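Summary of the model geometry
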Amino acid sequence: MKKHRNDLILFICLTVVAFIALFAFVRLRTDGAKVLVTVDGKDFGEYSLSEDIKVRIGDETQGNTLIIKDGKAYIENATCPDKICEKNKIHYDGESLVCLPNKTVVTVKSADKAALDF
Amino acid sequence: MQRKITLLGLTLAGAMLLSYVESLIPPLSTVPGIKIGLANIAVIFALCRIGTREAYFASLIRVLLSSLLFGNAVSVIYGLCGAVLSLISMTILKKINIFSVLGISIVGAVMHNVGQILAAIIILGSNVIVLYLPILILSGTITGAIIGVLSAVTIKRIKA
């Protein structure tokens, strides 16, 4: 019984911590100004969110298409099986789209680089 | 000794099967790395009923095989990182003995996600991925609880 009590405490603590962190992130988020695309850890390109654009990262057999439209960035025509990267549109500072199989990360950054702690 | 090897073989087979079943489920969410983790039932079973070494074996071989079969080449590294961190934490918790199977499973699940995030940060060279942590901790806690319950039932019911 004592172990079950500990389990419950653990569960509640983790859930509370996660919610607090989530809440903090949502409250503190600001709008981004541009997206930075990295492939395999190396910079691929930087694109402003205020200019609509379509960029193919990779080729037709393996890659993702980055689309910036109406101030938001998203991915289409991803060659990965899950297509998790296609599900979201991002525009807040720090948000990212990740395609693990293609090792591609699209991150929103603010205009002022000093604002980021990372 | 032979009994352990047999049990280990069966456990690994069970883990592979559970992995396969899980690969049939479409992605649960937009965040990479969120899974129910059914195969961990077999790992926890091995940890609690067979032995620590067998649990490591079952988990690592399972991750290797299933990511080659059902995932892609890159997912091997992520899976192994998550599995190693998860195994270490579960082994320690089992020794300290303050949590039941449920708590061990929860921590194992969360650490598995944390391990994958750390691997992603290193491989992709992008620090912002750490923003996924709260969601992954949350999903790890919930899925860990579910798997924990299933594991507890499995441990109780299987007479080996």
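Residues numbered from 1 in each chain as written. Chains lettered and ligands numbered in written order. Predicted model: local features only at pLDDT ≥ 70, side-chain atom pairs only at ≥ 80, totals over all residues. Heavy atoms only, no water.

1. Things to note about the nonpolar core
- Ranked by internal contacts, the top residues of the largest apolar core, which has 28 residues, are Leu10 and Leu14 of chain A together with Ile44, Met90 and Ile104 of chain B.
- Taken together, the elements giving at least two residues each to this core come down to α1 (2-28) of chain A together with α2 (40-50), α4 (75-96), α5 (101-124) and α6 (133-157) of chain B.
- Among the elements that take part in this core, α2 of chain B stands out by supplying seven residues, more than any other.
- Excluding its chain neighbours within four sequence positions, the residues that come into contact with Leu10 of chain A are Phe99, Gly103, Ile106 and Val107 of chain B. (Core = buried A, V, L, I, M, F, W, Y, C linked by side-chain atoms within 4.5 Å. Buried < 20%, exposed > 50% of the residue type's maximum accessible area, 1.4 Å probe, protein only. Helix = DSSP H or I, 4+ residues; strand = E, 2+ residues; numbered from the N terminus. Contact = heavy atoms within 4.5 Å.)

2. Examining the confidence of the model for chain B
- On average, residues of chain B score 89 in pLDDT, and 99% of them are at 70 or above.
- With a pTM of 0.81, the predicted complex shows an ipTM of 0.84. (pLDDT = per-residue confidence, 0-100.)

3. Structural notes on the interface of chain B and chain A
- Counting residues at the interface gives 33 residues for chain B, matched by 30 residues for chain A.
- For the chain B face of the interface with chain A, the top three residues by lost area are Thr30, Leu124 and Val128 of chain B, together amounting to 19%.
- If you look at where chain B meets chain A, you find zero salt bridges.
- Counting across the chain B and chain A interface gives five residue pairs in polar contact (both at pLDDT 80 or more).
- Among the secondary structure elements, those contributing two or more residues to the side of chain B that touches chain A are α5 and α6 of chain B. (Buried area = accessible area lost by both parts, 1.4 Å probe. Salt bridge = Lys/Arg side-chain N within 4 Å of Asp/Glu carboxyl O. Polar contact = N/O pair within 3.5 Å; in protein donor to acceptor, adjacent residues only side chain to side chain.)

4. Examining the pattern of salt bridges
Residues and elements named next belong to chain A.
- As enumerated under the stated definition, the model contains three salt bridges over all chains in all.
- Among the ionic pairs, Lys34 bridges to Glu46, the shortest N-O distance being 3.6 Å. Taken as a pair, Lys34 in strand β1 (residues 34-39) and Glu46 in strand β2 (residues 42-48) lie far apart in primary sequence, twelve residues in all.

5. What about the sheet that holds strand β7 (residues 104-109) of chain A?
Residue and element names in this part refer to chain A.
- Spatially, four strands are ordered β2-β1-β7-β6 in an open sheet, and the strand pairing comes out antiparallel. With one partner strand each, in any of the chains shown, β2 and β6 (96-99) form the two edges of the open sheet. Averaged over all pairs of adjacent strands, the angle between strand axes in this sheet comes to 15°, irrespective of strand direction.
- Relative to β2, β1 is paired through six bridges, and the arrangement is antiparallel. Its bridge partner lying in β2, Val39 is registered against Lys42. (Pairing = 2+ DSSP bridges. Axes fitted to C-alpha atoms, helices over the stretch in contact; angles between N-to-C directions.)

6. Side note on a nonpolar patch on the surface
All names here are of chain B.
- On the surface, Leu17, Tyr20, Val21, Leu24, Leu65, Leu69 and Phe70 cluster together into a nonpolar patch covering about 680 Å² of accessible area.
- At four residues, helix α1 (residues 2-24) tops the list of elements feeding residues into the nonpolar patch.
- Structurally, Leu17 is set in helix α1. (Patch = residues over 30% accessible without salt bridge, like charges linked within 9 Å, V, L, I, M, F, W, Y side chains within 5 Å. Areas by Shrake-Rupley, 256 points an atom, 1.4 Å probe, with all protein chains shown as cover.)

7. Observations regarding the sheet that holds strand β3 (residues 53-58) of chain A
All names here are of chain A.
- One open sheet holds the three strands; their spatial order is β3-β4-β5, and the pairing between them is antiparallel. The sheet terminates laterally at β3 and β5 (72-76), the two strands that pair on one side only. Averaged over neighbouring strand pairs, the angle between their axes works out to 20° when direction is ignored.

8. A closer look at α1 of chain A
- Here α1 of chain A spans 39 Å end to end across 27 residues, near enough to the 39 Å set by a 1.5 Å rise per residue.
- The set of residues buried in α1 of chain A consists of Asn6, Asp7, Leu10, Leu14, Thr15 and Ala18 of chain A.
- Looking at the packing, one finds that the buried side of α1 of chain A touches α5 and α6 of chain B. (Expected span 1.5 Å × (residues − 1).)

9. Considerations on helix α3 (residues 52-69) of chain B
Residue and element names in this part refer to chain B.
- The terminal C-alpha atoms of α3, which comprises 18 residues, lie 25 Å apart, in line with the 26 Å expected from a rise of 1.5 Å per residue.
- Of the residues making up α3, those classed as buried are Glu54, Ala55, Ala58, Ser59, Arg62, Val63, Ser66 and Ser67. Down the axis of α3, the buried side of the element spans an arc of 160°, and every buried residue falls inside it. Residues of α3 that are exposed and point over 90 degrees away from its buried face: Arg53 and Leu68. (Arc of directions from axis to C-beta.)

10. Description of the packing of α4 of chain B against α5 of chain B
Residues and elements named next belong to chain B.
- Two elements in contact, α4 and α5, have axes separated by 7 Å at closest approach and are oriented at 145°. Read as a crossing pair, α4 and α5 show a hand that is right-handed.
- Residue composition of the contact of α4 with α5, grouped by class: 15 nonpolar, nine polar and one charged. (Left-handed = near helix turned anticlockwise from the far one by under 90°. Nonpolar A, V, L, I, M, F, W, Y, C, P; charged D, E, K, R; others polar.)

11. What to know about the side chain of His112 of chain B
Residue and element names in this part refer to chain B.
- As for its placement among the helices and strands, His112 is situated in helix α5.
- What makes His112 buried here is its relative accessible area of 9%.
- Among all residues touching His112, those that are not within four sequence positions of it are Gly79, Gly82, Ala83 and Ser86.

12. Here we look at the packing of aromatic side chains
Residue and element names in this part refer to chain A.
- Summed over all chains, the structure comprises zero aromatic pairs over all chains.
- Residue placement shows Arg29 over the ring face of Tyr92; its charged tip is 3.9 Å from the ring centre.
- The ring of Tyr74 has Lys89 sitting right over it, with the charged end atom 4.5 Å from the ring centre. (Phe/Tyr/Trp six-rings, centres within 6.5 Å; stacked < 30°, edge-to-face > 60°. Lys NZ or Arg CZ within 6 Å of the ring centre and 35° of its normal.)

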